[in-house]
Amino acid sequence: MFITFLKEKKNSPGLNKDQWVGILDFFRSELPAKYPNDYNINESWPLILDDFYIYYCQQKGIKPNIPEDNDYYNEDD
């Protein structure tokens, strides 16, 4: 699903090194086994993973756990 997200949502030609390393760290962590329930967008993951979290929740019909003060994820603006 992450590759599909990249193909559908990212307009950039690729990932930079920081994103790539962060994504590798994420998938090597224990978090994917608990995804999306334990994902916290306030942690220091690359922004692309936050965007994927929103995408994933939308695709699965899950209400994302987003703190009230982070309304910059609202697509209606």
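So, here's what we can say about the structure.

The rules we used
- Residues numbered from 1 in each chain as written.
- Predicted model: local features only at pLDDT ≥ 70, side-chain atom pairs only at ≥ 80, totals over all residues.
- Heavy atoms only, no water.
- Helix = DSSP H or I, 4+ residues; strand = E, 2+ residues; numbered from the N terminus.
- Buried < 20%, exposed > 50% of the residue type's maximum accessible area, 1.4 Å probe, protein only.
- Contact = heavy atoms within 4.5 Å.
- Areas by Shrake-Rupley, 256 points an atom, 1.4 Å probe, with all protein chains shown as cover.
- Expected span 1.5 Å × (residues − 1).

In this section: the overall build of the protein chain. A count of helices and strands for the protein chain gives three helices and zero strands. Ordering the α and β elements of the protein chain from the N terminus gives α-α-α. Taken across its 77 residues, the protein chain has 31% of its residues classed as buried. Long-range pairs, those at least 24 residues apart, make up 45% of the contacts in the protein chain between residues at least 6 apart in sequence. Just so you have it, the protein chain exposes about 5600 Å², and 46% of that area is on carbon and sulfur atoms.

With that out of the way, let us pick up unusual backbone geometry. The peptide bond linking Tyr-35 to Pro-36 adopts the cis configuration, its omega dihedral lying at 0 degrees. Along the chain, Pro-36 falls in the loop between helix 2 (17-28) and helix 3 (47-60).

The terminal C-alpha atoms of helix 3, which comprises 14 residues, lie 20 Å apart, in line with the 20 Å expected from a rise of 1.5 Å per residue. Residues Ile-48, Leu-49, Asp-50, Phe-52, Tyr-53, Ile-54, Tyr-55, Tyr-56 and Cys-57 constitute the buried set of helix 3. Of the surrounding elements, those touching the buried residues of helix 3 are helix 1 (2-9) and helix 2. Count one or two residues on from helix 3 and you reach Gly-61, which has phi positive near 70 degrees.

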